[in-house]
Amino acid sequence: MTRLHPVTKLALVFILSIISLILPNILDVIYLLLFDFILIILTKVPIFSKGFRKVIIGFLLANVSIFIAWFFFSQEEGNITFFETTIVLIRNKWEWHILISDQTVYKAASISLRAITMFFLMLFMFVAISDRDLIHGLRSVKVPFAICLIISMTFRGLSMFQQEYFIIKEAMMTRGVEFDKTSIPKKIKNFISIFIALIILMFKRTEEMSASIEARGIPMRSKNRTVYHYYPMKKKDFFIIFLLLAFLVYSIYLNIVKGSFLFSIIGLFL
Amino acid sequence: MAPIIKFKDFSWKYKTSKDLVLKSINININQGEFVGIMGPTGAGKSTLCSCINGLIPLRTRGWIRGSVNVFGMNTREAKMHELGKRIGLIFQDPESQFIMMTVEDEIAIGLETLSLNRNEIEERIEWSLKLVGLKGYEEKSPDELSGGQKQRVAIASIMAMRPEILILDEPTSDLDPQGKREIFKLLESIRKKFDLTIILVSHDTKKIMQFCNRVIIIDNGEIKFDDETSQLSSNIDLLNEFGIYYPISSLKYQESSDLKLEKGHIEQKPLIKASNLSYTYPNQTQALKNVNLEIYPNDFIAIIGKNGSGKTTLIKHFNGLLKPQQGEVLLKEETITQYNISQIAQTIGYCYQNPDHQLFKNTIREEIEYGLRNLKFHEHEIERRYNQIIELLDLKKFEEVYESTFYLSKGIRQRLALASVLVLEPDVLIIDEPTTGQDFRMIEEFMKILKDLHERGHTIIIVTHDPRVIAKYSKEIVILDDGKLIQKLPTSEFLKNKELQDIAAYISP
């Protein structure tokens, strides 16, 4: 897996994420999720490490709320109705009710599974593609230099942002600001103060970084620029991307023939 | 020989500034010169550097008169990337110069612009890293490097492009004296080797006198002195006029100090006591090794040591930001873990090196009152303390002139950061590197404030590399090396002990 081109890995994550949304059958989504786990095992994503455990638990809690929201409020009629009641009725015209049917259960489970599938694909992406490989990969497939530079500076900015965040938080603590043992509104207020300081610093940093690029004579467009780290795509990369695209087309076909979850979401808003 | 840099009656004003930042500048610089540029903060030194490599006027809006010619090209008509290839500019803060994710990529990105082939890029990366003593650091990310190492990478990334002119804007402000000396030696060797023209902005008079062959002093946008370095010694009055220090020995600094440890700490109980303190970071770096230290009321201590010797880790234990992994820290005879954050904040004040990390309110008043309001002080008490502090630190005039704290200069922002901490009336004040990037006049002003606070009974702990501050202001020295406390001793004794000075990387001012 680590020998694949970074762009192939990126395509894998994005195409499979789209497929997870458009597959009409919940069983297919479960298969995709199983494939996700194989990827996670192959790339040795440390899902049991302290940092990952926190992220996974946080996501699963959020996912439970997604399930509950769909379970109670999607109001999808099905073959079997388990429960139905009116919550609000105004002048016999406007009504809000809860309907729990076999379809609401199916839809709630379906969207939760799709979210889990995409989440684990993202975990795979974070471990399998380093920021550096991604930039070299993109440059090797001739993505414009300016875009690659912006991505690189974004990664640098995030890393600086994280460091500065902890320094500012500590600086506030030395002035008696409590972050742990305090009320939620106070906590929000304190975090807003950190972000104000961070934004000011980030403006300064961005200005300095762009001055540094200019001062080193690095133009955004140059026909003669060479690429030091050139990662050519190999046959297996093209083969995998071809398979992914074929799978995507097949999923779209299934979606059109059988109708799917994605269209029902769109239908809700129409 | 025709000069390679020629300023002819050049004046410049930024679009946002009220007055001219550079006024009728006339300078000729020849190839191979090592020129030091000095002057007080805000004099126009960095602006002058930006004019040489074309950032001004090509990328900055403003008003211009006269001309700057570099390699015979008028910078108004030249192309930025053409100038950038031949003139290397290294800024003060190396953190902001890193745009790529590894050392190797950082150097390569400039070389790719020169359209070099892969083999040549590889050779130049190897050569430049060897030059700055960082061979083997190719795969390191900027987060894994110290301030000094980042500065070296910045130099390597520019030197790899083989510029004809190298401009350095205070490149050693984050380094310990030994690190500074190494960088200056490196600059001198590459200048000789490549017949490079170097223009260096620095507040370090001693280093400029040692390495540069010409000095330009700027004040208020005007050239006040432009001569050979050897002429500085006969113009000491001029240096004093512009707040530039003339190097004298540490002992002379000490003689000018009235802060001397005359008697020991007899019958006094320590305010802070660290016993068998050890600390290891998650990346397994052991930052403190069995440190034992006592700090007494009304001490004025300088904690010194090389970069990475454990100074910051030690002081973070004093204000509860780090919890002891082994050993303990007592504050007023009680273990520090028993204090909550607000109690510690009212006992120990901590000022960061960069005031931008500490200030986040829009006005001076809001910033000073923030800590008090957070700790729910009575309105009457807030007003009393606020008035007291702005008078003590002379901030009233800035409150009237500047609507927002964001427009204040770094020196005033640092003073405001001190006020925001001091308003909580802590017994102990810890100041991390109070002099970085400031001119001598500002350092003196800031240190006088600290001296005044010390006379009012505060205990002052400063972490510093600045030999002038150490010699003139501290009563005692705590030396750390590789996480171990080597010795705590009176400053006068330290200044006579060459062996300890070497351990602490101390070099006389």
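Since this is a predicted model, take the numbers as computed values, not measurements.

Asks: Can you tell me about the domain arrangement of chain B, naming the residues and giving the values?
Replies: Residues and elements named next belong to chain B. Assigned domains of chain B: these are domain 1 (5-247) and domain 2 (253-503). A C-alpha centroid distance of 32 Å is found between domain 1 and domain 2. Contacts between the two partners involve 16 residues from domain 1, matched on the other side by 14 residues from domain 2. Summed over both partners, the interface of domain 1 with domain 2 buries about 1200 Å², with 49% contributed by carbon and sulfur atoms. Considering only the side of domain 1, the residues that lose the most area to domain 2 are Asp176, Gly243 and Tyr245, jointly responsible for 37% of the buried surface there. There are 0 residue pairs in polar contact (both at pLDDT 80 or more) connecting domain 1 and domain 2.

Asks: Quick one: what's the story with the pairing of strand E7 (residues 165-169) of chain B, residue by residue and with numbers?
Replies: Residues and elements named next belong to chain B. With 5 of 5 residues buried, E7 is to be regarded as a mostly interior element. Burial along E7 is two-sided: Ile165, Ile167 and Asp169 facing one way and Leu166 and Leu168 facing the other are all buried. Across 4 bridges, the pairing between strand E6 (residues 87-90) and E7 is parallel. Within E7, the residue paired with Gly88 across the bridge is Leu166. Of the pairings in the sheet, the one linking E7 to strand E8 (residues 197-201) comprises 5 bridges and is parallel in character. Pairing of Leu166 across the sheet is with Ile198, part of E8.

Asks: Hey, could you go over the interface of chain B and chain A for me, with residue numbers and the actual values?
Replies: Listed as interface residues are 65 residues of chain B and, on the opposing side, 53 residues of chain A. For the pairing of chain B and chain A, the buried interface totals around 5200 Å² over both sides, and the portion due to carbon and sulfur atoms is 55%. The largest contributions to the chain B side of the interface with chain A come from Ile99, Met101 and His357 of chain B, which together make up 14% of the buried area. Across the pair Glu139 of chain B and Arg132 of chain A runs a salt bridge whose closest N-O atoms are separated by 2.6 Å. At the boundary of chain B and chain A, one finds 28 residue pairs in polar contact (both at pLDDT 80 or more). The element best represented in the side of chain B that touches chain A is helix H4 (residues 103-113) of chain B, accounting for 8 residues. Split into classes, the residues belonging to the side of chain B that touches chain A amount to 30 nonpolar, 18 polar and 17 charged.

Asks: If you had to explain helix H14 (residues 379-392) of chain B to someone new, which residues and values would you point to?
Replies: Since the α-helix advances by 3.6 residues per turn, residues separated by three or four positions end up pointing in the same direction. All names here are of chain B. Here H14 spans 20 Å end to end across 14 residues, near enough to the 20 Å set by a 1.5 Å rise per residue. Among the residues of H14, Ile382, Arg385, Tyr386, Ile389 and Ile390 are the ones counted as buried. The arc that holds the buried residues of H14, viewed along the axis, is 125 degrees, so those residues lie on one side. Those residues of H14 that are exposed and angled more than 90 degrees off the buried face are His380 and Glu391. Note on H14: the residue one or two positions beyond its end, Asp394, has a positive phi of about 55 degrees.

Asks: Requested: an account of the sheet that holds strand E4 (residues 62-70) of chain B, with residues and values cited.
Replies: Through backbone hydrogen bonds, the strands of a sheet pair up, either in parallel or in antiparallel fashion. Residues and elements named next belong to chain B. The sheet built from 4 strands is open, its strands ordered E2-E1-E4-E5 with antiparallel pairing. Single-partner strands in this sheet number two, and they are strand E2 (22-29) and strand E5 (73-74). Where strand E1 (residues 5-14) meets E4, 8 bridges bridge the pair, whose relative direction is antiparallel. By the bridge assignment, Lys6 is partnered in E4 with Asn69.

Asks: Explain the domain arrangement of chain A to me, using residue names and the numbers behind them.
Replies: Each assigned domain of chain A is listed here: domain 1 (6-130 + 232-269) and domain 2 (145-215). The C-alpha centroid of domain 2 of chain A is placed 33 Å from the C-alpha centroid of domain 1 of chain A.

What counts and how
- Residues numbered from 1 in each chain as written.
- Chains lettered and ligands numbered in written order.
- Predicted model: local features only at pLDDT ≥ 70, side-chain atom pairs only at ≥ 80, totals over all residues.
- Heavy atoms only, no water.
- Domains from an automatic or database assignment.
- Contact = heavy atoms within 4.5 Å.
- Buried area = accessible area lost by both parts, 1.4 Å probe.
- Polar contact = N/O pair within 3.5 Å; in protein donor to acceptor, adjacent residues only side chain to side chain.
- Buried < 20%, exposed > 50% of the residue type's maximum accessible area, 1.4 Å probe, protein only.
- Helix = DSSP H or I, 4+ residues; strand = E, 2+ residues; numbered from the N terminus.
- Pairing = 2+ DSSP bridges.
- Salt bridge = Lys/Arg side-chain N within 4 Å of Asp/Glu carboxyl O.
- Nonpolar A, V, L, I, M, F, W, Y, C, P; charged D, E, K, R; others polar.
- Expected span 1.5 Å × (residues − 1).
- Arc of directions from axis to C-beta.

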